[in-house]
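Each chain, written out:
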Amino acid sequence: MAEIAVIGAGYVGLTTAACFSHLGHDVICADIDEARIAQLVRGEVPIVEAGLEALVREGLEGGRLRFVVGAANAAPSAEFAYLCVPTPQGDDGAADLAYIEAAAREIGPVLPSEAVVVNKSTVPVGSTRVVERVLGRDDVVVVSNPEFLREGSAVHDFLNPDRIVIGSDDQSAAVRVASLYIGVTAPIIVTDPPSAETIKYASNAFLAAKVSFVNALAAVCDAVGADVKDVVLGMGYDTRIGHEFLKPGPGFGGSCLPKDTRALVHIADSAGYSFDLLRGVITVNEDQFHRVAAKVREMAGGSLEGVRVAVWGLTFKARTDDTRESPALRIVSLLAEQGAEVQAYDPAVKGPIGGVVPANDPYSVCDGAQVLAVLTEWDDFRWLDFDKVAGLMETPRVVDARNLLDRPALERRGFRYVGIGR
Ligand SMILES: NC(=O)c1ccc[n+]([C@@H]2O[C@H](COP(=O)([O-])OP(=O)(O)OC[C@H]3O[C@@H](n4cnc5c(N)ncnc54)[C@H](O)[C@@H]3O)[C@@H](O)[C@H]2O)c1
């Protein structure tokens, strides 16, 4: 079993740390956020992620997982140092490597000889070399090992990945990284660093393309009177197409797909290729926020001025508390710009965000509302008391941007219902 330092205790870092310790390794996880580390030391997990708290506690109790403030404090005995820090979008659309470089600068002087530094953050082609340069160590190898976990099922995805991708020009370092995943069954692809880095962006860009394709298709279905649910069901049985990720909704969001699609456009531009297909994916996604807001406006009778809109769902998807680049927040701000009075509820969002102060329950936001907009696919929403909702609303009208609710059941209760592409 190995000694692993994980730098960054966010969605990826904390999951990586907890899962590696679960696999039997000795893990020290570092963050610059002192409050977050203090919480983690007490066994409190600051993010909503199924199964994560149990693994953190297991690691703490078994003595295989520790938390420290500052990357330099995690690295002195590390055989492997995983970089799991943010790579936000810079002003020009490119990924900003400032956090990666800062982390590498901190661990460079203290890493033991023969350590392997692993980029798990999503980083553009060439970043392995950047980290090598910043570390300034001939005796330390840098390897790319991008992460593909989905928020909401991060622990499951880490321990049951579709594939493990390792990018290294040093075969023995690649084998050492692969051996950390002992107990995990998945195909392992060992390639060069630029290919590993590109696999991550290409995968996210392709997923984004699927979302925009199905949202554009939903617009066609709306226009021609087809039901997109049946259309994608019929498409999905073609094994070349498949059923996954072909669900219309309010657009893609979160901390990864938007920034990674824009970053790939930038990477391609810089290399002399104009990735117009991907630009189209981004444009369709922007349009989708406006299309959902327009559906709410139409439902309200053509104007949102002074209209009370109840919103269910603020996170970028269900089973997470992450609101970064959430389509729901974009739509809420479009509604507010047009004069709507938005009252919102989300089971995982408690504090004020995006100009709204979320309520504590889904019913109170419906009180006096003229339209209800369902923006996140929390399963709980399907099982609420819709007789009560209808009684509370001034006019029982729903825009279901996730095609989540039971349309016939709502219509029986007197609701007017509009979904996406159906
Ligand atoms: N969130 C996802 O679903 C996901 C999935 C796959 C890949 N990724 C990629 O993984 C990377 C991390 O994403 P995330 O969602 O975990 O980010 P995050 O913002 O949740 O967590 C990053 C953490 O790193 C800490 N940090 C920053 N600089 C540090 C330093 N010098 N030393 C120690 N800690 C430091 C921050 O305080 C923060 O807690 C990004 O590149 C992202 O694109 C994310």
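Structure: see above.
Residues numbered from 1 in each chain as written. Predicted model: local features only at pLDDT ≥ 70, side-chain atom pairs only at ≥ 80, totals over all residues. Heavy atoms only, no water.

## Here we look at the overall build of the protein
In step 1: When helices and strands are tallied, the protein shows 14 helices and 13 strands.
In step 2: At 23 Å, the protein has a C-alpha radius of gyration in line with the 22 Å of a compact globule built from 422 residues.
In step 3: Over its C-alpha atoms, taken along the principal directions, the protein stretches across nearly 70 × 50 × 40 Å.
In step 4: The proportion of buried residues among the 422 residues of the protein is 54%.
In step 5: Look at the contacts in the protein between residues 6 or more apart in sequence, and 71% of them connect residues 24 or more apart. (Helix = DSSP H or I, 4+ residues; strand = E, 2+ residues; numbered from the N terminus. Rg over C-alpha atoms; globule rule 2.2 N^0.38 Å. Buried < 20%, exposed > 50% of the residue type's maximum accessible area, 1.4 Å probe, protein only. Contact = heavy atoms within 4.5 Å.)

## A short note on unusual backbone geometry
In step 1: One non-glycine residue, Glu 114, adopts positive backbone phi at about 75 degrees.
In step 2: Within the secondary structure layout, Glu 114 lies in the loop between α4 (98-107) and β5 (116-119).
In step 3: Of note, the phi angle at Asn 403 is positive, near 45 degrees, even though the residue is not glycine.
In step 4: Classification of Asn 403 as buried rests on a relative accessible area of 6%.

## Some thoughts on the site of the ligand
In step 1: Around the ligand sit 26 residues in total, of which Val 12, Asp 31, Thr 87, Glu 151 and Lys 259 are the nearest.
In step 2: Within the side chain of Asp 31, an N or O atom sits 2.6 Å from an oxygen atom of the ligand.
In step 3: A distance of 3.5 Å separates a nitrogen atom of the ligand from a polar atom in the side chain of Ser 255.
In step 4: Calculation on the ligand without its partners gives an accessible area of 830 Å², and the protein chains cover 91% of this total.
In step 5: Elements that contribute at least two residues to the shell around the ligand include exactly α1 (11-22), β2 (26-31) and α4.
In step 6: Broken down by element, the residue count for the shell around the ligand peaks at three residues, all from α4.
In step 7: A breakdown of the residues in the shell around the ligand according to their chemical character gives 12 nonpolar, six polar and eight charged. (Near = heavy atom within 4 Å. Polar contact = N/O pair within 3.5 Å; in protein donor to acceptor, adjacent residues only side chain to side chain. Areas by Shrake-Rupley, 256 points an atom, 1.4 Å probe, with all protein chains shown as cover. Nonpolar A, V, L, I, M, F, W, Y, C, P; charged D, E, K, R; others polar.)

## Some words on the packing of aromatic side chains
In step 1: By the definition in use, this model includes nine aromatic pairs.
In step 2: Ring centres 5.2 Å apart and planes at 55 degrees place the aromatic pair Phe 20 and Tyr 82 in the tilted group. Taken together, the positions of Phe 20 in helix α1 and Tyr 82 in strand β4 (residues 80-83) put the pair 62 residues apart, joining distant regions of the chain. Comparing Phe 20 with Tyr 82 shows no difference in burial state: the two are buried. (Phe/Tyr/Trp six-rings, centres within 6.5 Å; stacked < 30°, edge-to-face > 60°.)

## What about the pairing of strand β6 (residues 141-144)?
In step 1: The pairing of β5 with β6 spans four bridges and is classified as parallel. Bridge pairing links Asn 119 to Ser 144 in β6.
In step 2: Note that the unit made of β5, helix α5 (residues 127-135) and β6 has a crossover that is right-handed. (Pairing = 2+ DSSP bridges. Right-handed = clockwise from strand over helix to strand, strands pointing away.)

## Notes on the sheet that holds strand β13 (residues 416-418)
In step 1: Taken together, five strands build an open sheet; the order of strands is β10-β9-β11-β12-β13 and the sheet is parallel. At either end of the open sheet lies a strand with only one pairing partner, and these are β10 (341-345) and β13. Within this sheet the neighbouring strands show an average axis-to-axis angle of 20 degrees, counted without direction.
In step 2: As judged from the four bridges shared by strand β9 (residues 308-312) and strand β11 (residues 371-374), these two strands associate in the parallel manner. (Axes fitted to C-alpha atoms, helices over the stretch in contact; angles between N-to-C directions.)

## Comments concerning the pairing of β9
If a strand is regular, its side chains alternate between the two faces of the sheet.
In step 1: Where burial is concerned, most of β9 is hidden: four out of the five residues are buried.
In step 2: Note: β9 against β10, five bridges, orientation parallel. In the sheet register, Val 309 faces β10, and the bridge partner there is Val 342.
In step 3: In this view, the connection linking β9 to its parallel neighbour β10 by way of helix α12 (residues 327-337) has right-handed handedness.

## Section: the nonpolar core
Among soluble globular proteins, nonpolar side chains are generally buried collectively.
In step 1: The biggest cluster of nonpolar side chains holds 41 residues, and the ones touching the most others in it are Ile 4, Phe 20, Tyr 82, Val 177 and Tyr 181.
In step 2: The element contributing the most residues to this core is α1, with six residues.
In step 3: Beyond its immediate sequence surroundings of up to four residues, Ile 4 is in contact with Phe 20, His 25, Asp 26, Val 27, Ile 28, Phe 80, Tyr 82 and Leu 180.
In step 4: Counting 36 residues, the second largest nonpolar core, distinct from the first, contains Leu 217, Phe 289, Leu 335 and Val 342. (Core = buried A, V, L, I, M, F, W, Y, C linked by side-chain atoms within 4.5 Å.)

## Overview of helix α11 (residues 276-299)
In step 1: Its 24 residues place the ends of α11 34 Å apart at the C-alpha level, agreeing with the 34 Å of an ideal helix rising 1.5 Å per residue.
In step 2: Looking only at α11, the buried set comprises Leu 278, Val 281, Asn 285, Gln 288, Phe 289, Val 292, Ala 293, Ala 294, Lys 295, Val 296 and Met 299.
In step 3: Two residues or fewer after α11 comes Gly 301, characterised by a positive phi angle close to 100 degrees. (Expected span 1.5 Å × (residues − 1).)

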